[in-house]
Structures are given as structure tokens and as C-alpha cells.
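Chain by chain, the residues run as shown.
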Amino acid sequence: KAGVTQTPRYLIKTRGQQVTLSCSPISGHRSVSWYQQTPGQGLQFLFEYFSETQRNKGNFPGRFSGRQFSNSRSEMNVSTLELGDSALYLCASSKTGTSGPYGETQYFGPGTRLLVL
Amino acid sequence: GENVEQHPSTLSVQEGDSAVIKCTYSDSASNYFPWYKQELGKRPQLIIDIRSNVGEKKDQRIAVTLNKTAKHFSLHITETQPEDSAVYFCAASIRTGTASKLTFGTGTRLQVTL
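Residues numbered from 1 in each chain as written. Chains lettered and ligands numbered in written order. Predicted model: local features only at pLDDT ≥ 70, side-chain atom pairs only at ≥ 80, totals over all residues. Heavy atoms only, no water.

Undergrad: Sorry if this is basic, but what is going on with the overall build of chain A here?
TA: The number of helices and strands found in chain A is zero helices and eleven strands. In summary, chain A has a C-alpha radius of gyration of 14 Å against a globular reference of 13 Å for 117 residues, a match within 12%. Projecting the C-alpha coordinates of chain A onto the three principal axes gives extents of approximately 45 × 25 × 25 Å. When burial is assessed residue by residue, chain A has 51% of its 117 residues classed as buried. Considering only contacts in chain A between residues 6 or more positions apart, those separated by 24 or more positions represent 55%. On chain A, roughly 5,400 Å² of surface is accessible, and the fraction owed to carbon and sulfur atoms is 49%. (Helix = DSSP H or I, 4+ residues; strand = E, 2+ residues; numbered from the N terminus. Rg over C-alpha atoms; globule rule 2.2 N^0.38 Å. Buried < 20%, exposed > 50% of the residue type's maximum accessible area, 1.4 Å probe, protein only. Contact = heavy atoms within 4.5 Å. Areas by Shrake-Rupley, 256 points an atom, 1.4 Å probe, with all protein chains shown as cover.)

Structure below.
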């Protein structure tokens, strides 16, 4: 099976611009989560989508948004970019829908490295 | 919400020695604990995980232990090799219905020296 893919891999933007990142999950996986990774803050949860609905949300401002399509592919958008938005943005997919009480394994994509100048 | 603390932030060991990374979590409802390894410039890769119904799990040189009462879990790497050098993240997951959410520790940079 192909792994999680993300596009683009690298992006340079200037303050005030907006950006859209894309994530394609592993085939058959229905949940996509997004994380921001910075050297000082580690992996911070942004949001999670399942069946085209946002199911969980982290503590990020409304400038960060996302959506999921019927084929489970997901996009995240950051508007009015700030210098502090420079980071590696990772998405992860999991199967979801399986029975059982335990949390599910998430598989990560290679990330999109965003630099805001 | 869940909070995961991870220690140490950096760890240097000699090749062949053991390495131990410790994490604590705050929410007793967490029941799944994966560990990820992230090499420089690469994606986090799952290396081992444990569910709350077991206390220990081993996979070759890697083992994870879980103490639910104390709410802490640890990663043990034996006979370390230079290729073990990476950043390791622990995480805790709570499941609500069909949704589960991972909360990560801040990472441990492991350096294995020759």
C-alpha cells in the first residue's frame, strides 16, 4: 500500500498571504489529522477530519482551517500568514471505524515545510 | 485535556549501551501509547505501541513498559546502534466513540556515539 502523501513538500510565502496544503491518506483510511511541528513546540495537534467532518480541534486560531473530501483526501488552509507559522506541517491517517475501545495508530506523511518571510 | 510530559529532552549514550526514555500522562482514560522515531528530515515512524491492557511489550531491541497506576510509560532500547540516533516521541491516545486523539510528548533527541 502506498503511504500517506503530502503536497507540496516545500513552500515559501510572505506574511499576509494564504496557503493550502494537501494530504492523501493511505488507501482505506478515513481519518486525517494535521499537526504543526516546530523545534520549540514539538508536535501540536491542529484538527482531525473524518467523513468530511471536523471531529477534533486543537488550540490554534481561526486562521487555520481544513476540509476533507469524499475520497478522504484533506486540505488545510492558513490565511493571513505570520512569521510564526513557519513550521513543518504533518498529516497522519488512521483507519477509524474499527470496533474496540483503544486509540488507533496514526501513520504520518512526509510533511510540508512552510517558510514565511 | 490530556498532557504528556517526556524526559529527558536529550540523551547521549555509547554504542552498545541501553537508552531509556520516560513519559507521563495526565488523563487516566488514555489507553493507547505509541512511540515514534523521527530521523532528521523524515516523517515520524511508528516503532512500537502498547495498549492499556498489557504492562510490557517487546520487539527485538525495543521494549515499552506501562504503569497505569502511576500513569507513566517508558521506551527501552538495548544494544544501541548509531542508526538509533533520532528524535523519539511518545504519545497517549484517548478513544471517544470512533474518534481517537493523540497527544504527543515534546520529544527526546537520542545520540548514539561510537
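Undergrad: Sorry, what's going on with the overall build of chain B here?
TA: Helix and strand counts for chain B stand at zero helices and eleven strands. In summary, chain B has a C-alpha radius of gyration of 14 Å against a globular reference of 13 Å for 114 residues, a match within 12%. Projected onto the principal axes, the alpha-carbon positions of chain B cover approximately 45 × 30 × 20 Å. Taking all 114 residues of chain B together, the buried fraction comes to 47%. Within chain B, counting contacts between residues at least 6 apart in sequence, those at least 24 apart form 53% of the total. If you sum the accessible surface of chain B, you get close to 5,800 Å²; carbon and sulfur atoms cover 45% of it.

Undergrad: Explain the environment of A:Gly84 here, please?
TA: Residue and element names in this part refer to chain A. Here Gly-84 is to be found in the loop between strand S8 (74-78) and strand S9 (87-94). The class of Gly-84 is exposed, set by a relative accessible area of 57%. Taking the C-alpha atoms as reference points, Gly-84 and Tyr-35, 49 residues apart in sequence, are found 15 Å from one another.

Undergrad: Teacher, can you tell me more about the sheet that holds strand S7 (residues 62-67) of chain B here?
TA: Sheet strands pair via backbone hydrogen bonds, and the direction of the pair is either parallel or antiparallel. Residues and elements named next belong to chain B. In space, the five strands of this open sheet follow the order S1-S3-S8-S7-S6, with antiparallel pairing throughout. Since the sheet does not close on itself, it has two edges, and those belong to strand S1 (4-7) and strand S6 (56-59), each with one partner. Strand-to-strand, the axes of this sheet are offset by a mean angle of 15°, without reference to chain direction. Two elements, S6 and S7, share four bridges in a ladder whose sense is antiparallel. Counterpart to Glu-56 in the pairing with S7 is Thr-65. (Pairing = 2+ DSSP bridges. Axes fitted to C-alpha atoms, helices over the stretch in contact; angles between N-to-C directions.)

Undergrad: Mind showing me how you'd approach the state of the cysteines here?
TA: A covalent bond between the sulfur atoms of two cysteines is referred to as a disulfide. On inspection of all chains with the given rule, the structure shows two disulfides over all chains. Between the sulfur atoms of A:Cys23 and its disulfide mate A:Cys91 the distance is 1.9 Å. Handedness of the A:Cys23-A:Cys91 disulfide follows from its S-S torsion of about 75°: it is right-handed. One end of the pair, A:Cys23, is in strand S3 (residues 19-24); the other, A:Cys91, is in strand S9, and 68 residues separate them in sequence. A:Cys91 matches A:Cys23 in its accessibility class, with the two residues each being buried. The side chain of B:Cys23 participates in a disulfide bridge whose partner is B:Cys90; the two sulfur atoms lie 2.0 Å from each other. What sets the handedness of the B:Cys23 and B:Cys90 disulfide is the S-S torsion sign, and at about -100° it is left-handed. Pair noted here: B:Cys23 is in strand S3 (residues 19-25) and B:Cys90 is in strand S9 (residues 86-96), with a separation of 67 residues, a long-range link. (Disulfide = S-S within 2.5 Å.)

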